[in-house]
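Architecture and fold: a report
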Amino acid sequence: MAITIYHNPKCGTSRNVLAMIRASGEEPEVIEYLKTPPGRDRLVELIEATGLPVRDVLREKGTPYGELGLGDPKWTDDELLDFMVEHPILMNRPIVVTPLGTALCRPSEKVLDILPDADKVGDFTKEDGERIAARDKDQSS
């Protein structure tokens, strides 16, 4: 089965999601989107597939969001997409694509909603020590 993660290895949430995917028994295609950014068309497809507004996929922390004034409502979705293409760090992560759907996996346990074999993950401990009990998966959405 094909699972893809748009991943930033420096991001703890992204690392946790990758670990949960692997714990489910799958080895995903890992796209380090800062090294290999999705083109504009793919970015549009990903955002549409999540069902989120473009603004909800913008990352503020550790990005040029503030200096570019992207919080200003004057920016259209098309303009925001242009900024994300020009500055891939503005794309929030991780975005995961599975046969069950596409999601921006923040918090990391959101990936369990779209993993076909999520039950194989069992109890999981995040890097920060937070535990996700197998019985809590249904409450993660």
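Quick summary incoming for the structure in this document. This structure is a prediction, so every number in the text was calculated from the model and none was measured.

What counts as what
Residues numbered from 1 in each chain as written. Predicted model: local features only at pLDDT ≥ 70, side-chain atom pairs only at ≥ 80, totals over all residues. Heavy atoms only, no water. Helix = DSSP H or I, 4+ residues; strand = E, 2+ residues; numbered from the N terminus. Buried < 20%, exposed > 50% of the residue type's maximum accessible area, 1.4 Å probe, protein only. Contact = heavy atoms within 4.5 Å. Areas by Shrake-Rupley, 256 points an atom, 1.4 Å probe, with all protein chains shown as cover. Pairing = 2+ DSSP bridges. Axes fitted to C-alpha atoms, helices over the stretch in contact; angles between N-to-C directions.

1. Some remarks on the overall build of the protein chain
Across its full length, the protein chain carries 4 helices and 6 strands. Starting at the N terminus, the α and β elements of the protein chain follow one another as β-α-β-α-α-α-β-β-β-β. Overall, the C-alpha framework of the protein chain stretches about 45 × 30 × 25 Å when taken along its three principal axes. Classification of the 141 residues of the protein chain by burial places 45% in the buried group. Taking as baseline every contact in the protein chain between residues at least 6 positions apart, the subset at least 24 positions apart corresponds to 58%. Surface exposure of the protein chain reaches about 7300 Å², of which carbon and sulfur atoms provide 46%.

2. So, the environment of Met91
Structurally, Met91 can be placed in the loop between helix H4 (77-86) and strand E3 (95-98). Its relative accessible area of 2% is what places Met91 among the buried residues. Linking Met91 and Leu58, residues 33 residues apart in sequence, is a C-alpha distance of 5.3 Å. Apart from the residues lying within four places of it in its own chain, the contact partners of Met91 are Tyr6, Tyr33, Pro38, Leu43, Val57, Arg59 and Met84.

3. Some thoughts on the sheet that holds E3
Spatially, E2-E1-E3-E4 is the arrangement adopted by the 4 strands of the open sheet, whose pairing is mixed. Edge positions in the open sheet fall to strand E2 (29-32) and strand E4 (101-104), since each of these has one partner strand only. For this sheet the average axis-to-axis angle between neighbouring strands, irrespective of direction, equals 15°. Pairing geometry for E3 and E4, over 4 bridges, is antiparallel. Bridge pairing in E4 places Val96 opposite Ala103.

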